[in-house]
Amino acid sequence: MHYISTRGAPARLDFVEAMLSGLARDGGLYVPYSWPRLSPATIAGFAGRPYAEVAVEVIKPFVGSAIAEVDLARIAHEAYGSFRHPAVAPLVQLGDNLFVLELFHGPTLAFKDLAMQLVARLMDHVLKQRGERTTIVVATSGDTGGAAVEAFRGRDQVDVVALYPHGRISDVQRRMMTTPTDDNVHSIAVEGTFDDCQALVKAMFNHHAFRDRVRLSGVNSINWGRIVAQAVYYFTAAVALGAPHRRIAFTVPTGNFGDVYAGYVASKMGLPVDRLVVATNVNDILARTLATGDYETRQVVATSSPSMDIQVSSNFERLLYETCGRDAAKVNALMGSLAQSGRFSVPGEALKEMRTLFSADRADEQEVDAEIRAWMKEASYCADPHTAVALAVAEKETRDPKVPMVVLSTAHPAKFPDAVKAACGVEPGLPDWLSDLPNKAERFTVLPADQAKIEQFVASASRAARDGAGV
Ligand SMILES: *Cc1c(COP(=O)(O)O)cnc(C)c1O
């Protein structure tokens with residue numbers, strides 16, 4: 001199995017190379033050269049099996065010979081052994097053919113753990129084999145940083161630096177980044193916004209001498225390793241509800257289009273996905289695009305679901321590539337237009353094809369609050385604001401009552417206690433095993449949004465840079 005860029009660069013990478021490099025050199029995203037298919041009998045055979053075993057079956061065709069299957073299996077068992085629910089990603093029924101897929105039982109209470117716990121171990125494993133080290137710098141609006149710090153802490157081959165906007169994330173989110181004591185994880189509170197953090201990371205990647213010196217690598221949501229890991233729970237949920245003998249629909253709270261694109265991957269592999277509903281908050285670029293065909297960025301608005309406050313949904317490029325008949329020249333032209341004028345039009349044929357599988361809608365802040373309140377009252381079910389966006393959108397969707405609708409729940413409500421309390425009056429508590437989080441000592445460095453200063457910090461934290469300097 002090999003990977004190619006959505007913008008046509010001739011390089012062909014294997015799974016490990018695609019995972020370690022993240023973005024392609026031509027600015028494109030890696031996609032598999034062809035889609036592996038799982039037979040209905042294989043999919044039916046997933047019923048009742050442990051999550052980690054299904055993960056191996058779904059991921060293995062994408063890995064090919066790049067990682068030995070015994071290693072993949074061992075790593076998957078370790079990764080999903082860190083979850084606090086025996087099913088890893090349990091389904092909860094809320095109504096007639098309405099289910100919530102809880103993806104927040106990992107160590108940092110957000111769905112990012114499902115991919116990060118696996119990818120961190122895979123990276124450490126292959127770097128060990130190669131005798132190499134890498135430095136990961138990640139910009140976070142909250143959940144990605146904590147998931148990365150938790151997944152990489154204590155690993156020999158990798159140092160992690162998380163950049164978050166000082167004073168702009170929740171206490172729980174910050175503490176998940178700042179309380180681990182391992183020497184290889186570092187947090188920088190940047191005096192600026194999330195956009196500043198992202199711009200700094202991008203600038204470091206474009207500073208090639210620095211990039212090579214610290215062996216910079218990324219684990220943001222365009223990383224192919226994260227996408228394949230996320231395809232797994234579409235299979236486990238669908239099979240639990242009767243697939244492959246029955247079609248299943250999903251509603252996905254969406255920001256960067258990584259999670260819902262993983263549902264598309266599952267459907268390409270042969271899972272009978274009836275519909276993928278893209279749920280956005282008022283930062284609704286994807287809902288507008290599906291409705292009008294115009295992909296047009298606007299100002300980001302802060303909401304109670306901050307992990308979806310995004311105006312450029314990077315992974316959308318992968319769907320665009322697929323629905324443009326894998327025409328890299330066309331994708332290149334559209335992305336050029338986006339960079340120049342902040343917009344492009346999805347070609348008619350591509351839009352038509354997207355609409356056969358995808359729908360999209362948005363929920364505003366009042367709708368989200370009302371949704372949290374209603375589920376608390378009717379079912380004593382406490383949804384976090386991201387999940388509530390998806391629940392609200394799923395209800396607006398006209399759907400076949402015979403087709404099960406699975407709403408992805410991407411965060412534990414205790415990660416956003418203030419927003420949940422404001423909506424329904426109940427303050428969700430942290431699970432027992434995290435109850436000492438508010439009392440732990442924090443460790444972080446406040447820095448201005450200044451590239452030279454941040455690079456200096458990253459270089460001093462990077463063992464790869466020290467190795468390279470011959471120390
Ligand atoms: C990251 C995140 C999302 C958005 O996922 P994408 O893959 O970026 O679409 C939704 N909810 C939560 C809680 C998140 O952390």
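Computed from a predicted structure; not experimentally measured. (Residues numbered from 1 in each chain as written. Predicted model: local features only at pLDDT ≥ 70, side-chain atom pairs only at ≥ 80, totals over all residues. Heavy atoms only, no water.)

**A word on the UniProt feature "domain: Tryptophan synthase beta chain-like PALP" (unreviewed entry) in the chain**
With numbering aligned to this structure, UniProt lists the feature "domain: Tryptophan synthase beta chain-like PALP" (unreviewed entry) at residues 93-329. End C-alpha to end C-alpha, residues 93-329 measures 45 Å, and it is 43% helix and 20% strand. (UniProt positions renumbered as here; feature names shortened; annotations may be inferred. Helix = DSSP H or I, 4+ residues; strand = E, 2+ residues; numbered from the N terminus.)

**Here's the deal with the environment of Arg298**
Tracing the backbone through its elements, the reader meets Arg298 in the loop between strand E11 (294-296) and helix H13 (316-323). Separated by 77 residues in sequence, Arg298 and Trp375 have C-alpha atoms that sit 32 Å apart. In contact with Arg298, not counting residues within four places along its chain, are Arg288 and Gln311. (Contact = heavy atoms within 4.5 Å.)

**Quick word on the pairing of strand E6 (residues 158-165)**
With eight of eight residues buried, E6 lies mostly within the body of the structure. Side chains Val158, Val160, Ala162 and Tyr164 of E6 all project onto a buried face; the interleaved residues Asp159, Val161, Leu163 and Pro165 project onto the opposite face, where all are buried too. Note: strand E5 (residues 134-139) against E6, six bridges, orientation parallel. Directly across from Ala139, in E6, lies its bridge partner Leu163. Handedness of the β-α-β unit built from E5, helix H6 (residues 143-152) and E6 comes out right-handed. Sheet topology places E6 next to strand E7 (residues 185-191); six bridges connect them, and they run parallel. (Buried < 20%, exposed > 50% of the residue type's maximum accessible area, 1.4 Å probe, protein only. Pairing = 2+ DSSP bridges. Right-handed = clockwise from strand over helix to strand, strands pointing away.)

**Concerning helix H19 (residues 451-461)**
Those residues of H19 that fall on the buried side of the exposure criterion are Ile454, Glu455, Phe457, Val458, Ala459 and Ala461. Sitting at the amino-terminal end of H19 is Asp450, which places a side-chain oxygen 3.1 Å from the backbone nitrogen of Ala452. (Polar contact = N/O pair within 3.5 Å; in protein donor to acceptor, adjacent residues only side chain to side chain.)

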